[in-house]
Amino acid sequence: MENNTTIRTVGDLLNFAKESPAVLDRAHSAVWRAISTFRGEKPVPLAESDNIRLQNLYRDQPSRRMRFPAFQDLLGIDPVLAEVGEYFRAAGSGEEEARQVLAVGGPHGCGKTTLIRDCIAEAMKELLFYEIEGCPWHELPLHAIPKKERNEFFSQFFPFKGELCRTCEERLQGREFSGDWRSFPVMPRSYRLSAGIGMLRVEDSLPDVDRGKFPSEWYSIFKCANGGVLFIDLSSKAQPEKFRSMIGNLVADGTIRAPDQTEVHLDLAVVSVSNTHLEEEEKTGALGDRIIPVKFHLPLDVQAELKIHHRAKRNNTDTFHFVPGVEEALSRMEIATRLDPSQWSLTLTPEDALLFYAGGARLADDKKSLARHTYGELREKRPFDGANGLTVRRARILRNKMGQYQKCIGIQHVLSMLRDPALYRGIDKDVKERMKPWVVFDPDAKGNYALGKMEEWYRGYLRRDLVRGWIGFKRFEEMKQQYFKDYLNHALHFTMKRNISDETTIQELPVDEKMLRLIEGEIGVKEDTKEEFRSGITAFFRNQKREVLEDHIPLSEAIERVIMFAKKDKDIIAKIDEVREAMVGKPQDPQKAKKKVDAMAQELRENGYKGSENCCWENIRTYANKTIFAE
């Protein structure tokens, strides 16, 4: 909002507000306007994401739970941020939330500071708020309107309460204005967190009451934050009980007692930010039931975790890089440490939890339908996921340490670093325990390490990329889409009990049962459940209203495995075996095999494996020869 030079008095402000009511926004309503109209972008309901994966994950979220462009710097916790946005919408509309403390709690490194500093504070910088000029409390100009004249403005704008502080009241009734409230001067202010103008963040414990007298720091806080937001840790361990009681009274009726014992009316939003969950200690405490808790957690979506690290890398001068697939394998392990191993009503393997938190699905236990879970179901039944584990900050430190020793980081370098005992100073034993299935720490008698889940996943990724390089990335994608098209066509005709018309010969051909079972076998569909599975898969894409293979993860992965491993007859070997033979076997034509391998290396370099250097190619060739081709 630009500064309007025609607004100089309370009367000017009210006249302008008749056409632009937003000029009166302060506190909760100002925050809501800042985050809901951020740089011209509007929030979008989570359930209406254009990403099908996220649609599946958030399909149970109500329409008021939205993704806010103002919160774009925070990834992987959209539903939690939607709760924050909904609080400010409701409070800004005058609902009961306006008389509550928003209590943001969660572990270190989950994004609480980013929410304050880089999201809300940055969005608020684009707004102005108006206050009574010269008021030591920066109070709302509407307080100057006498109570008997307020009904007219209640109907025009919103119900408001509060009276002028002592200083302003004496000035209004004095010789200068003689009670002429419309001429009372106002001034615009820009929200500034760092300067304490309409926003303040208190990071330390405040001094306690001394001989019955409240410290001056307490009043300074309210003066700085009035009209906007006060961010403060209100846990009993952080702040004096009497200050917490003062906050409780403030949010309840909007007033505090000034040093001269007069009543001061404030309009500000109070946000408690803590590493603990405030509502757990406030059953009968100073804040009582005046708390709306929002529990932050560490990211639980692998793709969100990767985006966080890639964004951080763009903002610094890192000279190292990961071989494709390696950082994703590392991120999967990091998120696995955030999955609480306790037994809940929904017990999942770490692999399934990773899949479901990414909005994916797998074949259900009945072998004929898909199993998937929404975010709401996962959080209800697994409430401690994301409460601890390797934080994003710690994960970034791990990456930087790896980059100190390697410019091109392969999976073998990651494993070597993760097995270094010196790396675990400051990391909880419980976190390392959760890492054990993913990183095998202890070698056998011969000094060899068993295969952990992280390396196992990476080997699957590498096999796929080697085949993609072998036949060409574009050709690999074309084969996937052709298999997909054929599978859907034949599955649909099988369900309708019809033959298929050949597009070239216009002949009626039977359904290709061999092709269907080849793909279904890779998914795990049994012979006696194939009919129900085929019916379900055709209905799935019909309900999606689009036919995109990536929307159905089990089918996509099955088709990839068919391309890589399937032997369609005795004269055709699997693609991965062709690669193995050319790289480490004894091909019949070594010269031809070498040209093919060189072409594969070039294809990989053009598709993410460091085109200007050979480091990634040399890395994966050495690793593959020692591991997956030596099996």
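Anything mentioned here points back to the structure above.
Residues numbered from 1 in each chain as written. Predicted model: local features only at pLDDT ≥ 70, side-chain atom pairs only at ≥ 80, totals over all residues. Heavy atoms only, no water.

Trainee: Looking at this structure, how should I read the packing of helix α17 (residues 453–471) against helix α18 (residues 473–496)?
Mentor: The description of two helices packed together rests on the angle between their axes and the distance between the axes. Interhelical geometry of α17 versus α18 gives an angle of 105 degrees and a closest axis separation of 6 Å. When the interaxial angle is binned, α17 and α18 end up roughly perpendicular. Contacts from R464, D465, V467, R468, G469 and I471 of α17 reach α18 at F473, R475, F476 and M479. Tallied by class, residues from the contact of α17 with α18 come to five nonpolar, one polar and four charged. (Axes fitted to C-alpha atoms, helices over the stretch in contact; angles between N-to-C directions. Helix = DSSP H or I, 4+ residues; strand = E, 2+ residues; numbered from the N terminus. Parallel < 35°, antiparallel > 145°, perpendicular 65-115°, else oblique. Contact = heavy atoms within 4.5 Å. Nonpolar A, V, L, I, M, F, W, Y, C, P; charged D, E, K, R; others polar.)

Trainee: Would you explain the packing of α17 against helix α23 (residues 590–605) in this entry?
Mentor: One can describe the packing of α17 onto α23 by two numbers: an axis separation of 7 Å at closest approach and a directional angle of 110 degrees. Regarding the angle of α17 to α23, the classification is roughly perpendicular. Considering the relative orientation of α17 and α23, their crossing is right-handed. On α23, the residues touching D465, L466, R468, G469 and W470 of α17 are K596, V597, M600, E603 and L604. Residues that form the contact of α17 with α23 fall into these classes: five nonpolar, one polar and four charged. (Left-handed = near helix turned anticlockwise from the far one by under 90°.)

Trainee: Looking at this structure, I do not really get the pattern of salt bridges. What am I missing?
Mentor: Oppositely charged side chains may form a pair once their charged atoms are brought near each other. Enumeration over the complete set of coordinates arrives at 50 salt bridges. Between R33 and D25 there is a salt bridge, with the nearest N and O atoms lying 2.7 Å from each other. With respect to class, R33 is no different from D25; both count as buried. Bridged by salt links that share partners, the residues R464, D465, R468, K480, E550 and E560 form one connected network. (Salt bridge = Lys/Arg side-chain N within 4 Å of Asp/Glu carboxyl O. Buried < 20%, exposed > 50% of the residue type's maximum accessible area, 1.4 Å probe, protein only.)

Trainee: I keep staring at the sheet that holds strand β11 (residues 291–295) and nothing clicks. Help me out?
Mentor: To summarise the sheet geometry, strands pair through backbone hydrogen bonds and adopt either a parallel or an antiparallel arrangement. Spatial ordering of the open sheet is given by β6-β7-β10-β3-β11, a layout of five strands whose pairing is parallel. At either end of the open sheet lies a strand with only one pairing partner, and these are β6 (199–202) and β11. Averaged over all pairs of adjacent strands, the angle between their axes in this sheet comes to 20 degrees, without regard to strand direction. Strand contacts of helix α4 (residues 78–92): β3 (101–105), β10 (269–274) and β11, with the helix running at about 155 degrees to β11, the strand carrying the most contacts. Packed onto the sheet, helix α5 (residues 112–124) meets β3, β6, β7 (229–232) and β10 and runs at close to 165 degrees relative to β6. (Pairing = 2+ DSSP bridges.)

Trainee: Help me understand the environment of L140 in this model?
Mentor: Within the secondary structure layout, L140 lies in the loop between β4 (128–132) and α6 (151–156). For the pair formed by L140 and K526, sequence separation is 386 residues and the distance between their alpha carbons is 70 Å. Setting aside chain neighbours within four positions, we find L140 in contact with R26, I132 and D267.

Trainee: Would you explain unusual backbone geometry in this entry?
Mentor: As a rule of thumb, non-glycine residues mostly have phi less than zero, and peptide bonds are mostly trans rather than cis. Even without being glycine, H138 reaches a positive phi, approximately 55 degrees. Its location among the elements puts H138 in the loop between β4 and α6. With a relative accessible area of 18%, H138 lands in the buried category. Backbone geometry at K497 places phi at a positive 60 degrees, although glycine is not the residue there. Here K497 shows up in the loop between α18 and β16 (500–501). Take K497: its relative accessible area is 66%, and that puts it in the exposed class.

Trainee: I'm lost on α5 in this one. Help?
Mentor: An α-helix turns once every 3.6 residues. As a result, residues three or four positions apart point the same way. In a regular helix each residue adds 1.5 Å, so 13 residues correspond to 18 Å; α5 covers 17 Å between its end C-alpha atoms and thus fits that length. Taken residue by residue, α5 has K112, T114, L115, I116, C119, I120, A121, A123 and M124 as its buried positions. If you follow the buried residues of α5, they end up packed against α2 (27–36), α4, β3, β6, β7 and β10. (Expected span 1.5 Å × (residues − 1).)

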